[in-house]
Amino acid sequence: MIFCAPDSSPTREQIDLSFGATRPPEYEPTQQAFILSFRGISFSFPAAINKNSAEQCNPHFPNRNAAVVAKMSVYSGNSLSDAKVLELPWHCYNGGVYTSSLDVVRDNSKTVGVQVHLMFEGVESSSSAVGSRIQSDVRTVCFGNTVQDVLSLLGAPTRVFYKAEDKMRIHAPPDQQSRRASDRSDYFYNYLTLGLDILFDAVTQRAKKFVLHTNYPGHYDFNVYYRCFFKIPLSKANNLESDYQSASLLDQTEPMIVHAASKWEGIHEYILGPESRPIVLNRSSSFNATNPFGPTYCYGYQDMIFEVMMNGHIASVTLYQITD
């Protein structure tokens, strides 16, 4: 039975007809919604909230015919709160290499490299074995590594992209802006299944930049990369006023750990303060100049550039090497 179609709205009545009886919906105050749960699937209905004279909110479930599903969650288990992310089955690897997490290695407020926790398909040596199983390994790629070093650590990239021009050179110091363009161009190694790009210098053939992708919906590169589950330790800038720091944030002596799911609002206040202004980035293709997702905003901090979407999610983090 189809419970959601252009001519059939997923109302509470339609859900009951399709899935049968279940427990009454539970109110979730953080979402201001009622959650109707079945085994392995949950439906979220926006709550109708009325305020009484005492300014107290009284949420109640709307009419069965008027209540339309706002979000559907599919998971393994009896409850959405107890659901866990399932590991990718070994037969889905298909010879590819994936990452479970990525740690940004920093020393004295400078990025040294990235430590990649790899997952890949391994073949059992025994003929009686089932065939393949998931193996893991940790590889560290640093600034200054040669192409041969990176290939031996991470394997061959999904593709190689050569930079035709450097549009960010206008923001470089004057002595670097006047530098003549070389006949050779810098090039990226794109590791799509790792959510990682590595930029190599055309002259030295050494790594000088890392780009970490979060693959959030609504971004120009959505569904191109797998999500990179990075962790970046950040220390608060010494020149910020203590009033800018929220009481809910970490103590100044402890670094803030930025994850792929972190929202920019708290990070911005912690490391930059409310008065910092971003650079607006408008992406477009050479074949199609339109970009339906709108611009993103780039904030620089130490040797990192955070690309932030309009909804506050981090789209990518660029780590670059500061040269003397």
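Residues numbered from 1 in each chain as written. Predicted model: local features only at pLDDT ≥ 70, side-chain atom pairs only at ≥ 80, totals over all residues. Heavy atoms only, no water.

K.L.:
Help me out: how do you make sense of helix H2 (residues 147-154) in this one?
P.N.:
Of the positions making up H2, those classed as buried are Val147, Val150 and Leu154. Looking straight down H2, one finds its buried side chains confined to an arc of 65°; they lie on one side. Exposed residues lying more than 90 degrees from the buried face of H2 are Gln148 and Ser152. Gly155 sits one or two positions beyond H2 and adopts a positive phi of about 85°. (Buried < 20%, exposed > 50% of the residue type's maximum accessible area, 1.4 Å probe, protein only. Helix = DSSP H or I, 4+ residues; strand = E, 2+ residues; numbered from the N terminus. Arc of directions from axis to C-beta.)

K.L.:
Can you help me understand the pattern of salt bridges in this one?
P.N.:
Pairing is possible between side chains of opposite charge, provided their charged atoms come close. This structure, assessed with the given rule, holds six salt bridges. The salt bridge partner of Lys208 is Asp186, with a shortest N-O separation of 2.7 Å. Of this pair, Lys208 sits in strand E13 (residues 207-213) while Asp186 is found in the loop between helix H3 (174-177) and strand E11 (187-191), placing the two residues 22 residues apart along the sequence. Classification of Lys208 by relative accessible area gives partly exposed; the value is 26%. Residue class for Asp186 comes out buried when judged on its relative accessible area of 18%. (Salt bridge = Lys/Arg side-chain N within 4 Å of Asp/Glu carboxyl O.)

K.L.:
Please clarify how the sheet that holds E13 should be interpreted in this entry.
P.N.:
What holds strands together in a sheet is hydrogen bonding between their backbones, with the strands either parallel or antiparallel. Strand order in the open sheet made by the eight strands is E10-E11-E12-E13-E19-E18-E17-E16, with antiparallel pairing throughout. Every other strand in the sheet has two partners, leaving strand E10 (159-162) and strand E16 (279-281) as the edge strands with one partner each. Across this sheet, the average inter-strand angle for adjacent strands is 20°, counted without regard to direction. With four bridges connecting them, E10 and E11 associate as antiparallel partners. (Pairing = 2+ DSSP bridges. Axes fitted to C-alpha atoms, helices over the stretch in contact; angles between N-to-C directions.)

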